[in-house]
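Spelled out from the first residue to the last, the chains are:
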Number of protein chains: 2
Amino acid sequence: MDDIQALIFDVFGTIVDWETSVVAELKAAGERHGSASDTDWKAFAREWREGYYATTKRIAHGGAGPSSVDAVHRELLDAMLDTPESKWSAVRPFWDEATRQDLTLSWHRLHAWPDSIPGLQSLKQHVIVAALSNGNVRLLVDMAKFANIPWDVIFSAELFNTFKPNVDVYLSTCKHLSLPPSSCAMVAAHAWDLEGAAKAGLKTIYIPRPTEDQGISKDIKAKKDGGRFDLVLSSVEELATLFAESKVGRAQN
Amino acid sequence: MDDIQALIFDVFGTIVDWETSVVAELKAAGERHGSASDTDWKAFAREWREGYYATTKRIAHGGAGPSSVDAVHRELLDAMLDTPESKWSAVRPFWDEATRQDLTLSWHRLHAWPDSIPGLQSLKQHVIVAALSNGNVRLLVDMAKFANIPWDVIFSAELFNTFKPNVDVYLSTCKHLSLPPSSCAMVAAHAWDLEGAAKAGLKTIYIPRPTEDQGISKDIKAKKDGGRFDLVLSSVEELATLFAESKVGRAQN
């Protein structure tokens, strides 16, 4: 990691806990509007998230669709509520235009995992800490203000008119940082994201999170243990400790 | 200004004092390399800056050229030093490749005007504070880290493959902020920049600076005084005071 000059972080799931945050907003909206009290809001949030994955993946591979995740989230919400025989039909009558718009923006109001902010604060003393998300720019700006995320710079796939894991997204980010991909490391809780980054020539750092890569994260290993990613760490703070120690080591040599 | 949700700031000259910073680096390099001690470094810096203006303006109007200001600065420096009969020929023999590269990067190490940082810190409590510069992304990231500029988000004309005052730069910035231009205000120490922003439909705030728009800044007036810009203010801190008072006003209504 000695040559790394920029750490490029995935955001949803890696830096922020989307599930807890969105489920809380869905539940609150449900209670405000008198929706069925037994609605499984976690299942609702996960289905919404799965739809986001499917849509952005399709567009990343050349399919048509909106370049803003706000638009993706809204289209998916409408489809979940309005499709005939949807399992969420009990909710439909209560959620008007304003509620739908507000819930779409719940993805701008996500709380950070406890280690994210202290880890990033420490890391930015040593390297550039950049966001690189499929979320649109405004979403990422609102989220950084809401959760006090101290990005040095925010990159959104929206700027490059496609989505991760399209290799152009990673290469364009490195280009704008004036760095060769080998001097950049992608940090994510998703193997598919790191595979895209590796194809572009970036280093890869996997941080498993309880809500992400469910079922596979336990099997993911670092190269030194026979795996495919450069590092597998438990938190952003562990990554910060590595950089702080490496810097001390370099200063002593 | 009640509807303004984002303030979009020019950087060189408006937020940072490029002249003092670059002249100091030129002078230090001159002394290190034994260049003629009577070199007029302020004139050197101003000629460099004028070259930057001429090049970016040409490209903004559709001309060919590099999209990164780092490349523009380096090409201009080489031309100033290497052109036969250049008035800087006394300097030429001393400045090797490493010095030229380091001086090109002096544009990443600019100090803020005294009111800029406290003003931006206050403003970001109320609105999105964005950079929008012709400087390339990496330059703006380095400068923000160097001078502790608390941007919520950094936009560079490099992202849009042209330069200000091309109207696409302002419109693309508003689009990525998910805001209509009328909810955004451009803040700059350059009339030409605000004229471009006004063409795109943004509000305009002029802050005169001693090094910028020399000779014309004193004649620039706000609309209420018969001028063409929405506001003419003395500092970023004065702008912050206006926003803080406006917010108190809104909260009391």
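Structural data are supplied above this passage.
Everything in this summary refers to the structure shown in the same document.

What counts as what
- Residues numbered from 1 in each chain as written.
- Chains lettered and ligands numbered in written order.
- Predicted model: local features only at pLDDT ≥ 70, side-chain atom pairs only at ≥ 80, totals over all residues.
- Heavy atoms only, no water.
- Contact = heavy atoms within 4.5 Å.
- Buried area = accessible area lost by both parts, 1.4 Å probe.
- Salt bridge = Lys/Arg side-chain N within 4 Å of Asp/Glu carboxyl O.
- Helix = DSSP H or I, 4+ residues; strand = E, 2+ residues; numbered from the N terminus.
- Nonpolar A, V, L, I, M, F, W, Y, C, P; charged D, E, K, R; others polar.
- Pairing = 2+ DSSP bridges.
- Axes fitted to C-alpha atoms, helices over the stretch in contact; angles between N-to-C directions.
- 1 Å grid on protein atoms, 1.4 Å probe; cavity = no way out; pocket = protein on both sides within 12 Å on 5 of 7 lines; lining within 4 Å.
- Points joined across faces, edges and corners; volume = space filled by probe spheres on them.

### Comments concerning the interface of chain A and chain B
Opposite the 22 residues of chain A that make contact, chain B presents 22 residues. The junction of chain A with chain B conceals about 1800 Å² of combined surface from both sides, 55% of it contributed by carbon and sulfur atoms. When the area that chain A buries against chain B is broken down by residue, the three leading residues are Arg138(A), Lys145(A) and His176(A), summing to 34%. Counting the contacts that link chain A with chain B gives two salt bridges. Elements with a contribution of two residues or more to the side of chain A that touches chain B: helix H6 (137-147) and strand E3 (153-156) of chain A. The element that contributes the greatest number of residues to the side of chain A that touches chain B is H6(A), accounting for five residues. Of the residues belonging to the side of chain A that touches chain B, the class tally is eleven nonpolar, four polar and seven charged.

### Regarding the sheet that holds strand E3 (residues 153-156) of chain B
All names here are of chain B. Reading across from one edge, E3-E2-E1-E4-E5-E6 is the order of the six strands in this open sheet, with parallel pairing throughout. The open sheet terminates on both sides in strands that have one partner only, identified here as E3 and strand E6 (231-232). Two strands pair when backbone bridges link them, and strand E2 (residues 128-133) and E3 are joined in this way by four bridges, in the parallel orientation. Of the residues in E3, the one forming a bridge with Ser133 is Ser156. Those strands touched by helix H6 (residues 137-147) are E2 and E3, and its axis lies near 145° from that of E3.

### A word on empty space enclosed by the protein
Overall, the coordinates contain three cavities of 30 Å³ or more when judged by the stated rule. Approximately 60 Å³ is the volume attributed to the largest cavity. Surrounding the largest cavity, Asp10(A), Phe12(A), Arg49(A), Tyr52(A), Tyr53(A), Ser133(A), Asn134(A), Lys164(A), His190(A) and Trp192(A) form its lining. With three residues, helix H2 (residues 41-60) of chain A is the single largest residue contributor to the lining of the largest cavity. By residue class, the composition of the lining of the largest cavity is four nonpolar, three polar and three charged. At three residues, the largest contribution of residues to the lining of the second largest cavity is made by helix H2 (residues 41-60) of chain B. For the lining of the second largest cavity, the class distribution of residues is four nonpolar, two polar and three charged.

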